[in-house]
Number of protein chains: 4
Amino acid sequence: MSMPYDEMKLGEECGVFGMYAPVGENVADSIYYGLYALQHRGQESCGIAVSDTEGPKGNTTCYKDMGLLNEAFSSEKLEKLKGNIGVGHVRYSTTGASVRENAQPLVINYVKGVLGLAHNGNLINAEELREELAYTGAIFQTTIDSEVIAYIIARERLNSASVEEAVGRCMDRIKGAYSLVIMSPRKLIGARDPYGFRPLCIGERDGAYIFTSESCSLDTIGAKYVRDVEPGEVVTIDSEGHINSDRTRCIPECQRGRCVFEYIYFSRPDSYFDGVSVYKSRILAGKYLAEDSPVEADIVTGVPDSGIQAAIGYAHESGIPYGQAFIKNSYVGRTFIKPGQEARVSSVRVKLNALREVVEGKRVVMIDDSIVRGTTSDRIVRMLREAGATEVHVRISSPPFLHPCYFGTDVPGEDELLAHNRSLEEIRRIIGADSLAYLDVSRLKAIAGNLQICTGCFTGKYPVD
Amino acid sequence: MSMPYDEMKLGEECGVFGMYAPVGENVADSIYYGLYALQHRGQESCGIAVSDTEGPKGNTTCYKDMGLLNEAFSSEKLEKLKGNIGVGHVRYSTTGASVRENAQPLVINYVKGVLGLAHNGNLINAEELREELAYTGAIFQTTIDSEVIAYIIARERLNSASVEEAVGRCMDRIKGAYSLVIMSPRKLIGARDPYGFRPLCIGERDGAYIFTSESCSLDTIGAKYVRDVEPGEVVTIDSEGHINSDRTRCIPECQRGRCVFEYIYFSRPDSYFDGVSVYKSRILAGKYLAEDSPVEADIVTGVPDSGIQAAIGYAHESGIPYGQAFIKNSYVGRTFIKPGQEARVSSVRVKLNALREVVEGKRVVMIDDSIVRGTTSDRIVRMLREAGATEVHVRISSPPFLHPCYFGTDVPGEDELLAHNRSLEEIRRIIGADSLAYLDVSRLKAIAGNLQICTGCFTGKYPVD
Amino acid sequence: MSMPYDEMKLGEECGVFGMYAPVGENVADSIYYGLYALQHRGQESCGIAVSDTEGPKGNTTCYKDMGLLNEAFSSEKLEKLKGNIGVGHVRYSTTGASVRENAQPLVINYVKGVLGLAHNGNLINAEELREELAYTGAIFQTTIDSEVIAYIIARERLNSASVEEAVGRCMDRIKGAYSLVIMSPRKLIGARDPYGFRPLCIGERDGAYIFTSESCSLDTIGAKYVRDVEPGEVVTIDSEGHINSDRTRCIPECQRGRCVFEYIYFSRPDSYFDGVSVYKSRILAGKYLAEDSPVEADIVTGVPDSGIQAAIGYAHESGIPYGQAFIKNSYVGRTFIKPGQEARVSSVRVKLNALREVVEGKRVVMIDDSIVRGTTSDRIVRMLREAGATEVHVRISSPPFLHPCYFGTDVPGEDELLAHNRSLEEIRRIIGADSLAYLDVSRLKAIAGNLQICTGCFTGKYPVD
Amino acid sequence: MSMPYDEMKLGEECGVFGMYAPVGENVADSIYYGLYALQHRGQESCGIAVSDTEGPKGNTTCYKDMGLLNEAFSSEKLEKLKGNIGVGHVRYSTTGASVRENAQPLVINYVKGVLGLAHNGNLINAEELREELAYTGAIFQTTIDSEVIAYIIARERLNSASVEEAVGRCMDRIKGAYSLVIMSPRKLIGARDPYGFRPLCIGERDGAYIFTSESCSLDTIGAKYVRDVEPGEVVTIDSEGHINSDRTRCIPECQRGRCVFEYIYFSRPDSYFDGVSVYKSRILAGKYLAEDSPVEADIVTGVPDSGIQAAIGYAHESGIPYGQAFIKNSYVGRTFIKPGQEARVSSVRVKLNALREVVEGKRVVMIDDSIVRGTTSDRIVRMLREAGATEVHVRISSPPFLHPCYFGTDVPGEDELLAHNRSLEEIRRIIGADSLAYLDVSRLKAIAGNLQICTGCFTGKYPVD
């Protein structure tokens, strides 16, 4: 789980949530609270679209806006969203493309009525498909991949017996990362790309079915986890409450490529991704760091929030006691005014403080989940020293970032990556640590429960070309 | 010009404004002030889209939101709109469809880049076209006609040598009322439907060209009126500043059908519509009322704002002096809280007050532009009596409303029309007047400068089937 | 009535409105609509405070904020204001002092409970009194005179038998212009300074009593005008609905000094100020201008809004026909973005447009209510010429401004006054008119119904030293 | 540190921050970031007032509004606050009195110029003093104690040689809890009541002096901790940067009464209160719980945020491993829409989730800082069981709440306190725990570093009568 809004960290594209309840119930509230549990996946914009499956044609209502759920929704707005089927979305904030037009879910009218669509991931052939569509007369009103997907579904629907068949045919044409939740007038569909880059699981509560990016949101609304949508699978909930599965696009496990960063950083530790506990992954990452890069020290601490579990794992394995060395200010939000000219105050200082009582006179092992540009790491290390730490040993629960991501993780350009063209020793010096170690790439598969993962950003080898 | 926000009056669909200035200039400010002069045509939402014709591909910026220009735009937002070509729009507020998704201009990406589109009017075959498009895989994200138009242009563009040719081909397929301003990467196009329902004229300022719904907006920005776009004409401004005209879709004047309500009520009196002064039309309407429906009285007054000119015309013809009998509260706006339970205060009372000094002990001729539901008229007549008028003779500067409008005027259902199935005498009694007369249908053509007009809402005979 | 928000015009300090209805009724709605009719008197901030006279001690609720009523109040906010007694206020916007802390009504707790106070006018010994109060331990939280007044009332209350007696004793100490409405736990009090600078009248509706700055607001809420509060009078409404009057501070009529600008410009024409119709005053001003400064011309027109009645008076007297030469854009509001660098658009052009049909080829007499800095006049004259007027003869329905006002009218410094140290001929040339005349000072008393007026800003002679 | 916005927890009245920098510097930014570190002390409203000590008289600027710093301030607003001396405040939200008028700092004009005042605490003789002041003519515009304090200072100033002398004389009259920061035109004053209920410490950065409620805010702005203001002390910073101390009102340590809840819950763990580390206090509380109320279990966990340190202390003492059993959703803020009718979603569930991986099949010791009404405890215990905990042993790091607080802690009425009139066994049953123990009252002094504390809410014995 990310330290919210941290411009120094990686960003991901979105969380999705869909729900289909028996006729007469309203799903908007549950979608709203479900999205709350996914808010860490995207803080730029959010939205909910709902319909009544027995209502008149075109009875879909959608509300979306910039900002957090907190900011975008009011009880009045939520109350206006009536219906027993719906999809919701939280979107990650990247500078530039951050316009209201790009908020999701995308709600369209096509030949068979209204379609609501929420997407997490990134297509690698989106431009190609856009061009192809444009050459047959398509118009685009957004720059999001979801619009390309919606278009292809709409076109394929003309030759398909059902909307789920059209979704499948669309999957034959799009390439890249996509976890989709799609609402048609009478069906709710969840689908994952064959590589399974992004998570999507199925939940159930009193006859209502749910698709969500993370299982933690099921706990929030009192639903129970059923299973993950399999990579390549199309799952359809129909008006009778049946779950139908189409696995024809599934590929062998050995070719799959789950984003390992979902385990390391993106997902909440109380979520399970393809059956593997995110919490446990992080504990393991800490354990492996302790095995591979031991150091003599007095306490182990983690940088909030995602470094904490790895620190607990490291502490347990190494026998060095775990200590809470940092206090995080949970009020620093999206609209926080960043310190400007005044050099004596830094954003990091406002967000984090070191606990002198814990670190003074101590040799500290500090675990963080990643180093992107390095600016934050440098300041945090200094903060520990100023609070009295005698040594600071940095351990990173992921390998060094060296390559771009094409599948929805917002990695900066190579030139901005601290690890790019630098030796371990150079990095250590830059961040001011007494020692530095990263998790070895060979450990990644194990922390992901031995599932097949994508390690492209570390190795440059991607599951798709 | 409408008394702003009056739910008792007719509404129209929108004002459009486009501008193409030499490279290096910014048009957003002029579009903003131009739209200010069109604000009476639509208060629901507004927007501006601009590009730089020499800039990189896709450099279009658009901002649109609910509310008046006053509310939607700030100087920061305006400053971010950079470019020498742009289109703007103000949209009329009808309950229900009033959602941000429907704000204009519509900005789309299609095979040839970005297209910005602003539309005033109403298509009568929109549903048919939507369905046809949907059956070939189109998706729709709004419920506005502009999206249908954009789609057809995008598709026709594939078989056309230029965007203006595609606009022309699109015009062969759409039916109804449309005054369009379209911005392509390097051209600005203005087009009117062959009947010429809605106005659109051309202006010029220092080498920059303008299309606008009303000529008054040219005065506002210091531009000069060039001419009206002819009904059926497609006018294209290119990057060299040439004006090219395609008149192949023009039909004989006798088949045209300008909306006569533009003269009577919608347009500002300082505008010219197809060369005819709106002010003069209203003066004439008053003159004809005086000739056809004379009455002995002490003063003539007009209900602000559009009744005033007709009252001046009536006064002049009849010799009865003109008097300002009403004070209008210009602060009553879109967000005015309407009086609820408290019967002693009415919306009309807050908006208008009668001048006792003017009407006390007088026989008053009161001119209004129309009676829709009649609720307002009744209260205004009563207000005059309470202020001491001994007689109130109501004269309406348009014929009775009896039929729906299919071309963009928001006439309520027949059952809500006061004149529907009621005799003149019944109407008089309902509104409490001492006498009542409407303008005769036969006078309409003359007030429109003998141009061909549409009188469908009075006669049920429309220029198109 | 002012052309809203015009920085080129004079500003005044506020409108006040108070109401005391029988127990069980709610006055907030009526105060809200009453203030709507006073909005032209102040657009900076507004507020309403109400109590229940039978409710528990200290049950006063107050809501005030920056902006127009439109902007500051919502139905939710209005609904929360419960009670049968209340006061309201609209405040004029002067740059600088425009902070929320200074919004009125002022609600204070003092020895006898809660006091709500709304004030229109300006004290000339406020600074002196503040200092005196400070030297006995007073603290001030605003910079408005109302706080000084409240303080003195609170102190005098300790030696008074009633709140009205304390108000009277306070009046013995404050000097300058004040029309006050004061709400105590069980009484509503209206008071005017002995000179009667600012208006205040009494209304009645079904057993409820009202104090308001202008009688037009009584029409708005369906109340009837009872009489004006006399200069120097303290009028008290008690819980039995009795009106008690204390006239001990009244001075002879010949020493009074009503602000003549209330007749010429501030008040709405449908109001009566000390029994004299504002409308009639303006008609008379026009008549006198025609008598004193005749000219050969084809039409007479008035600059909206307050020039219109004087133009009608001029037309009637001169026999030259009245014509509506200007269209005013009523959407230009407080938050209007003023044209900056772009010289081709001016604020005046956005607000006003000349009607070519009316002025082309004509010799025009243009009546305006005043010239302050002259910038606007210059542009309006030019606008008429550009619309084809062959001659423009400017007539001003007030004498030239030469002196400051100490009683609440926001006259700029002498250096900014166009008439300061300039001959009539110089002024004419600056504004570009063919001829120019002002109303003669000797005519002022007559337009005010021969009541005693203050002409300080024209003559430098003030009723108080 | 509080779990933000939790209506089930105790609330406190405010955080204060003042700063006096050398002439030419601006303190607003540092105050803003300093308040960020105090935001947990109050989320209702916030404000900053600044002046330039060399500027013209009365050059104070103040901005305050409802909401978090995040919501109330923008960079534009912050930039307008210019000056080298200032005070800031964050206010706690209690229902009812939550109106903008009550936001702090309070800025007043008095005989010696402007005074800015920020107050944390609660006076017990405020009503008495208000009445006394009212009987000598005072008026009150708020219902906050700060206004009473300001009044008395203003009055006492008349007989004092300096503002600090007036503050001292004021302290002789007010009774109760008060940590004050006061800005006069050229001095910054910090003062604590003789009992020392609320914290206030002194910091320094490059010649600038700071008073703040908590030392953690010094870290945030890169300042260093100097010392605490002593209970009863008045500390004055003058324009030469001297610190002057007046200790004449200090009482013996044995009579003092620091609020023990500052250690247990209110203060951030990275703060020091009268030299005692809050972190360490909580570790000790956990340690004592382990000693006094041991239990056989598999893991110890703390309810975020303030239960975490006590859990670490318990774990260390007991030898049972510490585990992170809860994930807190840090996006749940002030404007979070609480689940209504839909029983299946609870606020607690949205805010907290249990980590199944950590608790499944385990006997869990769960440490929380207090039980107020018990509603939350019940749901959290249930959450652990649903996540698989086999036993849940609740340990509370404070004694049972039995009595009201008169000194600024927002304890609900006795009837709402779960511990009121209930046996330990009854409480255990209500919250559904397998065992339950509170910290013993005898342990409190030790966790506060053997300083003298107030235990009124547990024992009913208060340091003042």
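This text goes with the structure placed above it.
Figured I'd write up the structure that's included with this text. Since the structure is predicted, the reported quantities are computational estimates derived from the model, not experimental observations.

## A look at the overall build of chain A
Then, number 1: Looking only at helices and strands, chain A features 16 helices and 23 strands.
Then, number 2: Relative to the compact-globule value of 23 Å for 465 residues, chain A shows a C-alpha radius of gyration of 23 Å, a close match.
Then, number 3: Each principal axis of the C-alpha atoms in chain A carries an extent, and together these give about 70 × 45 × 40 Å.
Then, number 4: Taking all 465 residues of chain A together, the buried fraction comes to 66%.
Then, number 5: Sequence-distant contacts, at least 24 apart, represent 69% of the contacts inside chain A between residues at least 6 apart.
Then, number 6: Just so you have it, chain A exposes about 15,000 Å², and 47% of that area is on carbon and sulfur atoms.

## What about the interface of chain D and chain C?
Then, number 1: Opposite the 25 residues of chain D that make contact, chain C presents 25 residues.
Then, number 2: Taking both sides of the interface into account, the surface hidden between chain D and chain C amounts to around 2,100 Å²; carbon and sulfur atoms contribute 54%.
Then, number 3: For the chain D face of the interface with chain C, the top three residues by lost area are D:Arg100, D:Ile139 and D:Gln141, together amounting to 29%.
Then, number 4: At the junction of chain D with chain C, the criterion picks out zero salt bridges.
Then, number 5: Scanning the region where chain D abuts chain C turns up five residue pairs in polar contact (both at pLDDT 80 or more).
Then, number 6: For the side of chain D that touches chain C, the class distribution of residues is 14 nonpolar, five polar and six charged.

## A short note on helix H9 (residues 278-292) of chain D
Residues and elements named next belong to chain D.
Then, number 1: Here H9 spans 21 Å end to end across 15 residues, near enough to the 21 Å set by a 1.5 Å rise per residue.
Then, number 2: Inspection of H9 places Val278, Tyr279, Ser281, Arg282, Ala285, Gly286, Tyr288, Leu289 and Ala290 among the buried residues, and these make up the whole buried set.
Then, number 3: Capping of H9 at its N-terminal end is provided by Ser277; its side-chain oxygen lies 3.2 Å from the backbone amide nitrogen of Tyr279.

## Here we look at the relation of the copies chain D and chain C
Then, number 1: Once turned by 180° and shifted 0.1 Å along the axis, chain D lies on chain C with an RMSD of 0.0 Å. What the superposition gives is, in effect, a two-fold axis relating one chain to the other. Residue D:Ala138, judged by its C-alpha, is the member of chain D lying nearest the rotation axis, at 3.5 Å.
Then, number 2: Mapped onto chain C, 100% of the interface residues of chain D again fall at the interface, so both copies present the same surface.

## What to know about the packing of helix H5 (residues 145-157) of chain D against helix H6 (residues 163-173) of chain D
Residues and elements named next belong to chain D.
Then, number 1: It is the contact of H5 with H6, at a shortest axis distance of 8 Å, that shows an interaxial angle of 125°. On the basis of their axis angle, the class for H5 and H6 is oblique. Where H5 crosses over H6, the two elements pack in a sense that is right-handed. Contact residues: H5 offers Ile149, Ile152, Ile153, Glu156 and Arg157, while H6 offers Val163, Ala166, Val167, Arg169, Cys170 and Arg173.
Then, number 2: Its residues placed into classes, the contact of H5 with H6 shows seven nonpolar, no polar and four charged.

## Focus: the pattern of salt bridges
Residues and elements named next belong to chain D.
Then, number 1: A complete count under the given rule lists 136 salt bridges over all chains for this structure.
Then, number 2: Arg41 is paired through a salt bridge with Glu262; the nearest N and O atoms lie 2.8 Å apart. Of the two residues, Arg41 sits in the loop between helix H1 (28-36) and strand E2 (45-51) while Glu262 sits in helix H8 (residues 260-266), which places them 221 residues apart along the sequence.
Then, number 3: Between Glu317 and Lys287 there is a salt bridge, with the nearest N and O atoms lying 3.4 Å from each other. Placement of the pair is Glu317 in helix H10 (residues 307-318) and Lys287 in helix H9, with a sequence separation of 30 residues.

## Comments concerning the relation of the copies chain A and chain D
Then, number 1: Mapping chain A onto chain D calls for a rotation angle of 180° and an axial translation of 0.0 Å; the resulting RMSD is 0.0 Å.
Then, number 2: Mapped onto chain D, 100% of the interface residues of chain A are again interface residues, and the two copies thus contact each other with one and the same surface.

The rules we used
Residues numbered from 1 in each chain as written. Chains lettered and ligands numbered in written order. Predicted model: local features only at pLDDT ≥ 70, side-chain atom pairs only at ≥ 80, totals over all residues. Heavy atoms only, no water. Helix = DSSP H or I, 4+ residues; strand = E, 2+ residues; numbered from the N terminus. Rg over C-alpha atoms; globule rule 2.2 N^0.38 Å. Buried < 20%, exposed > 50% of the residue type's maximum accessible area, 1.4 Å probe, protein only. Contact = heavy atoms within 4.5 Å. Areas by Shrake-Rupley, 256 points an atom, 1.4 Å probe, with all protein chains shown as cover. Buried area = accessible area lost by both parts, 1.4 Å probe. Salt bridge = Lys/Arg side-chain N within 4 Å of Asp/Glu carboxyl O. Polar contact = N/O pair within 3.5 Å; in protein donor to acceptor, adjacent residues only side chain to side chain. Nonpolar A, V, L, I, M, F, W, Y, C, P; charged D, E, K, R; others polar. Expected span 1.5 Å × (residues − 1). Least-squares fit on C-alpha atoms with pLDDT ≥ 70 in both. Axes fitted to C-alpha atoms, helices over the stretch in contact; angles between N-to-C directions. Parallel < 35°, antiparallel > 145°, perpendicular 65-115°, else oblique. Left-handed = near helix turned anticlockwise from the far one by under 90°.

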